[in-house]
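Close look at the chain arrangement
What follows is each chain in one-letter form.
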Amino acid sequence: MLGDQEDPENFFEDEEDSPYPEVRASVSNYDDPEMPCLTFRAMLLGVSFTLLGAAANTYFYLRYPAPLLTPIVVQIITYPLGAGLARIMPVTLFDTPKWLQKLGAPTYWSLNPGPFNIKEHTVIIIMANVGIAPSFTQSMLLALDKFYEVKTGFGYDILLLLSVNTVGFTFAGFCRRFLIWPAALIWPQTLVTCTLLNTFHAEDDDAGTGSLTRYRYFLYVFFGALVWYIVPGYLFIGLSAFSWVCWIAPTNPVVNQLFGVVTGLGMSSITFDWSQVAYIGSPLIVPWWAIANIFVGFIVLIWLFAPIMYYTNTWDLAYLPISVNAVFDRYGYEYNVTAVLTPDLKLDQEAYAAYSPMYFPSTYTAIYALAFALATSSLVHTVLYYGPTMWQTFRDIKKAKRDIHAKLMSAYPDVPTWWYAITFVACAAFSIGFVEGYSTGLPVWGLVLAALVVAVYIIPGGYIYALSSQALTVNIIAEIIPSYLFRGQPIVNMLFKAFTVNTLQLGLYYIQDLKLGHYMKVPPRVTFSIQITATVLAAFIQAGMKEGLLKGVPDLCAADQAAGLSCPTTRAIFNSSIVWGLIGAKRIFGDGSPYSALLWALLVGAALPCLFWVTSRYYKARWIRLVNIPVMLSGLVLIPQATGLNHASWFIFGFVFQFLLRRYRFRWWSKFSFITSAGLDSGTVISTLLVFFALQLPKNGGLRLNWWGNLVYRNTYDWLGYPYKIP
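Residues numbered from 1 in each chain as written. Predicted model: local features only at pLDDT ≥ 70, side-chain atom pairs only at ≥ 80, totals over all residues. Heavy atoms only, no water.

1. Observations concerning the overall build of the chain
- Looking only at helices and strands, the chain features 33 helices and two strands.
- Over its C-alpha trace the chain gives a radius of gyration of 25 Å, about what one expects of a compact globule, namely 27 Å for 727 residues.
- Total accessible area on the chain is roughly 29,400 Å²; 65% of this is exposed by carbon and sulfur atoms. (Helix = DSSP H or I, 4+ residues; strand = E, 2+ residues; numbered from the N terminus. Rg over C-alpha atoms; globule rule 2.2 N^0.38 Å. Areas by Shrake-Rupley, 256 points an atom, 1.4 Å probe, with all protein chains shown as cover.)

2. Topic: the pattern of salt bridges
- All told, the structure shown has seven salt bridges when counted by the stated rule.
- The salt bridge partner of Asp145 is Lys546, with a shortest N-O separation of 2.5 Å. Of this pair, Asp145 sits in helix α7 (residues 136–146) while Lys546 sits in helix α24 (residues 524–552), placing them 401 residues apart in sequence.
- On the accessibility criterion, Asp145 (4% relative accessible area) is buried. (Salt bridge = Lys/Arg side-chain N within 4 Å of Asp/Glu carboxyl O. Buried < 20%, exposed > 50% of the residue type's maximum accessible area, 1.4 Å probe, protein only.)

3. Section: the packing of aromatic side chains
- Using the criterion set out here, one finds 59 aromatic pairs in the structure.
- Consider the rings of Phe360 and Tyr368, whose centres lie 5.1 Å apart with planes at 45 degrees: the pair is tilted.
- Assessed through its relative accessible area of 0%, Phe360 is described here as buried.
- Among the aromatic residues, those joined into a cluster by ring pairs are Phe169, Phe171, Phe174, Trp418, Trp419, Tyr420, Phe424, Tyr510 and Phe528.
- Its end group placed over the ring of Tyr352, Arg587 keeps NZ or CZ at 5.8 Å from the ring centre.
- The ring of Trp669 carries the charged tip of Arg662 above its face, separated from the ring centre by 4.9 Å. (Phe/Tyr/Trp six-rings, centres within 6.5 Å; stacked < 30°, edge-to-face > 60°. Lys NZ or Arg CZ within 6 Å of the ring centre and 35° of its normal.)

4. Describing the nonpolar core
- Within the largest apolar cluster, 210 residues are counted, with the highest numbers of intra-cluster contacts made by Met140 and Phe360.
- Formed by ten residues, the second largest nonpolar core is a distinct cluster that contains Ile237, Leu239, Ala241 and Trp247. (Core = buried A, V, L, I, M, F, W, Y, C linked by side-chain atoms within 4.5 Å.)

5. Some points on the side chain of Asp31
- Along the chain, Asp31 falls in the loop between α2 (21–24) and α3 (40–60).
- At 2.6 Å, the side chain of Asp31 and the side chain of Tyr412 are in polar contact.
- Setting aside chain neighbours within four positions, we find Asp31 in contact with Lys119, Leu408, Tyr412 and Lys521. (Polar contact = N/O pair within 3.5 Å; in protein donor to acceptor, adjacent residues only side chain to side chain. Contact = heavy atoms within 4.5 Å.)

6. A look at α7
- Taken across its eleven residues, α7 has ten buried, putting it largely inside the fold.
- When α7 is considered as a whole, its buried residues turn out to be Phe136, Thr137, Gln138, Ser139, Met140, Leu141, Leu142, Ala143, Leu144 and Asp145.
- Residues of α7 that are buried sit in contact with α3, α8 (154–174), α23 (490–520), α24 and α25 (568–583).

7. Details of the confidence of the model for the chain
- Of the residues in the chain, 92% reach a pLDDT of 70 or more, and the chain-wide mean stands at 83.
- Mean pLDDT across the elements of the chain ranges from a minimum in helix α1 (residues 8–14), with 43, to a maximum in helix α6 (residues 118–132), with 91.
- Of the regions scoring below 50 in pLDDT, residues 1–14 engages in 35 contacts with residues more than four places distant in sequence or in other chains. (pLDDT = per-residue confidence, 0-100.)

8. Considerations on the environment of Leu636
- Its location among the elements puts Leu636 in the loop between α29 (629–634) and α30 (644–664).
- In this structure, the C-alpha to C-alpha distance between Leu636 and Gly683, residues 47 residues apart in sequence, is 26 Å.
- In this view, Leu636 contacts Ile294, Gly297, Phe298, Leu301, Ile367, Leu370 and His647; residues no more than four positions away in its chain are not counted.

9. Some details on the packing of α7 against α8
- Remark: α7 packs on α8, axes separated minimally by 10 Å, with the N-to-C direction vectors making an angle of 150 degrees. In terms of their interaxial angle, α7 and α8 are classed as roughly antiparallel. The handedness of the crossing between α7 and α8 is right-handed. Counting all contacts with α7, which are made through Thr137, Gln138, Met140, Leu141 and Leu144, the residues of α8 involved are Tyr156, Asp157, Leu160, Leu161 and Val164.
- Looking at the contact of α7 with α8, its residues break down into seven nonpolar, two polar and one charged. (Axes fitted to C-alpha atoms, helices over the stretch in contact; angles between N-to-C directions. Parallel < 35°, antiparallel > 145°, perpendicular 65-115°, else oblique. Left-handed = near helix turned anticlockwise from the far one by under 90°. Nonpolar A, V, L, I, M, F, W, Y, C, P; charged D, E, K, R; others polar.)

10. A short note on unusual backbone geometry
- You will see that Asn313, though not glycine, has its phi angle at about 60 degrees, which is positive.
- Looking at the element boundaries, Asn313 is found in the loop between α16 (288–311) and α17 (349–355).
- Phi at Asp316 is positive, roughly 60 degrees, even though this residue is not glycine.
- Looking at where Asp316 falls in the secondary structure, it is placed in the loop between α16 and α17.

11. Some words on the side chain of Asn313
- Overall, the relative accessible area of 19% leaves Asn313 in the buried class.
- Not counting the four nearest positions on each side in its chain, Asn313 is found in contact with Ala318, Tyr319 and Lys725.

12. Things to note about the environment of Asp718
- Counting through the fold element by element, Asp718 comes out in helix α33 (residues 717–720).
- When the C-alpha positions of Asp718 and Ile322 are compared, they lie 9.7 Å apart, and in sequence the two are 396 residues distant.
- Once residues within four sequence positions are removed from consideration, Asp718 is found in contact with Ser243, Cys246, Asn256, Gly260, Val261, Val262, Thr263 and Gly264.

13. Some words on the state of the cysteines
- On inspection of all chains with the given rule, the structure shows zero disulfides.
- In this model Cys175 remains outside any disulfide bridge; the closest cysteine sulfur is found in Cys427, 14 Å from its own.
- Residue classification places Cys175 among the buried positions, given a relative accessible area of 5%.
- Residue Cys427 is classed as buried on the basis of its relative accessible area of 2%. (Disulfide = S-S within 2.5 Å.)

14. Overview of the environment of Gln276
- With respect to the helices, strands and loops of the structure, Gln276 is situated in helix α15 (residues 274–277).
- With relative accessibility at 18%, the residue Gln276 sits in the buried group.
- Expressed as a C-alpha distance, the spacing of Gln276 and Ala642, which sit 366 residues apart in the sequence, is 8.8 Å.
- Look past the residues within four positions of Gln276 in its chain and what remains in contact with it is Ser240, Ala241, Thr271, Leu645 and Asn646.
- Within the structure, the side chain of Gln276 is placed 3.3 Å from the side chain of Ser240, a separation counted as a polar contact.

15. Some words on helix α31 (residues 666–696)
- In this model α31 runs 42 Å from its N-terminal to its C-terminal C-alpha over 31 residues, within 8% of the 45 Å that 1.5 Å per residue would give.
- Of all the bends in α31, the greatest measures close to 45 degrees and is centred on Phe672.
- Most of α31 sits out of view: 22 of its 31 residues are buried. (Expected span 1.5 Å × (residues − 1). Bend = angle between axes of the 7 residues up to and from the residue.)

Rendered as structure tokens:
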């Protein structure tokens, strides 16, 4: 299932290295156990960027577009800072307290233990990653304040954030043996980080030979991307939203619905903006088999199913825009929630009956079908394809064959499971204190049920993420359960979702960083210490930033907010709480409801993995064995925010790099492919920040260039969201 790698069983006979070419190209098979990692300068920079990342991304997640601080940007910025501290800080030895030694610290420590090294850099990245990770919970808290007008306060915020974040951390620790130690779980996104770390710190094999080194190549790509983004990001925005077919026929509804990139299906397929290409993740790091799976799923679901349902006017879809992130009433307007709310934030059934049922646009119906199918297919696929391996791993973990990286990590004491167990008990106490102390309406047994959902899905989600770089979401499960158990209570629905969706999401991010520590040979107890420290710090910063923005920006989350703080993620969470918490699953998907047929996707999702698993036993074609239904579906979860433009351009780049170059120029691919991704990502993100602060933020956007190239994509039915039929 991993692509064109060598047979792992035979590889170790020839060379003590990973059997997977992606890993061999990115991770060193050598370790220096004496190399310091938990140093003063690593902690100084790690804590600083945890705080900075949590504050910056809390702000930027409220904007559209959002120039986020990413792990790659942190890598680039902290490298010269760490090297600079190594030059100026004094060399003085100090004794380390024994309790810190048990956490992985050395016997002695110094402000300057020598040159800034790769393990220190890894420690900084792992800490910063906690702060910059997206937080569903923080957006949910903002939705309570701005849209439901529930004033939560700092205490409410910090208890909820600490509860959710630390539960995700403990689940990650419990899953190490299944998701970190097996060599086959390569975690592609982590390999990009490893490649860039080695580019900065390791000596290049070609240094001094006249060949192009990876570091020099990275600089070329980085500065090229930095300069180029100014064109589609500011000078000619039409190259980013490149709906060229719509420019030819701007008032043709069908053309704009099929080829549009704002409210259309994006069949124009071309963009000159790397941020659009990589909107769903860099295609240069996702294995080709996963790219093919995702794009096939996209074609079937979005380019075939959605337009067929739309143009046949199923469920009156043709009266709405074909693809938009909103829900509608029977008049064709966005749903007016306040019209059906009681003063205590529950559903006013008489007002609802008098006003309107809820209607979804076409891609919404497709994505709900996808979500139902994903809920069952991820479990069935994991049991069929990985169940025997997981059971054997559980039974014979100490006897299991280990790759070189697991062997090198055995030199360090592992984290006792009881460390994670104690942390879990502590965060359970936080959670119970929160739901009971604030009278949230969510009972303690609801917390237990949320934890069970995470426990069921974290290992299947980890397998999908580790193999394909696509994160599994359990949104539909986290919404439909409280929708039936706590009918008409949108706040309880959002809280249950926070304890499931965000816990699972953060758990996968924590596991990804554990794999980074594994690859870079950071002692496990050091990784434990820095992750829990960063988790607590990030929670306080996120809560403080949320309260500060509410007080400092009176029109926060308004659609026309001057600084672009329109809160798109918060609005999406609010919309979901209306659908599932207020109106309820029974009214929308129950018997006699308009969208009840979508529930058949649960059965389809369970059946498809069985079909391909059985077929692969009798029909030996290789492509049958590479069909992965959960990956096919999980790669589409950002729709409708992501359009066909994002997915089609993503596929084109993936085909070039992960199929053509990997197959026909393997030496170049193994040396430069991940570096290309790192250079494009980092150059584009930093250029985005520069454009935002220098050209978009000043004078409330007064520096915008108002010419044809920046306006043409707006003067179309695609931009207006024009429907096929008029309500």
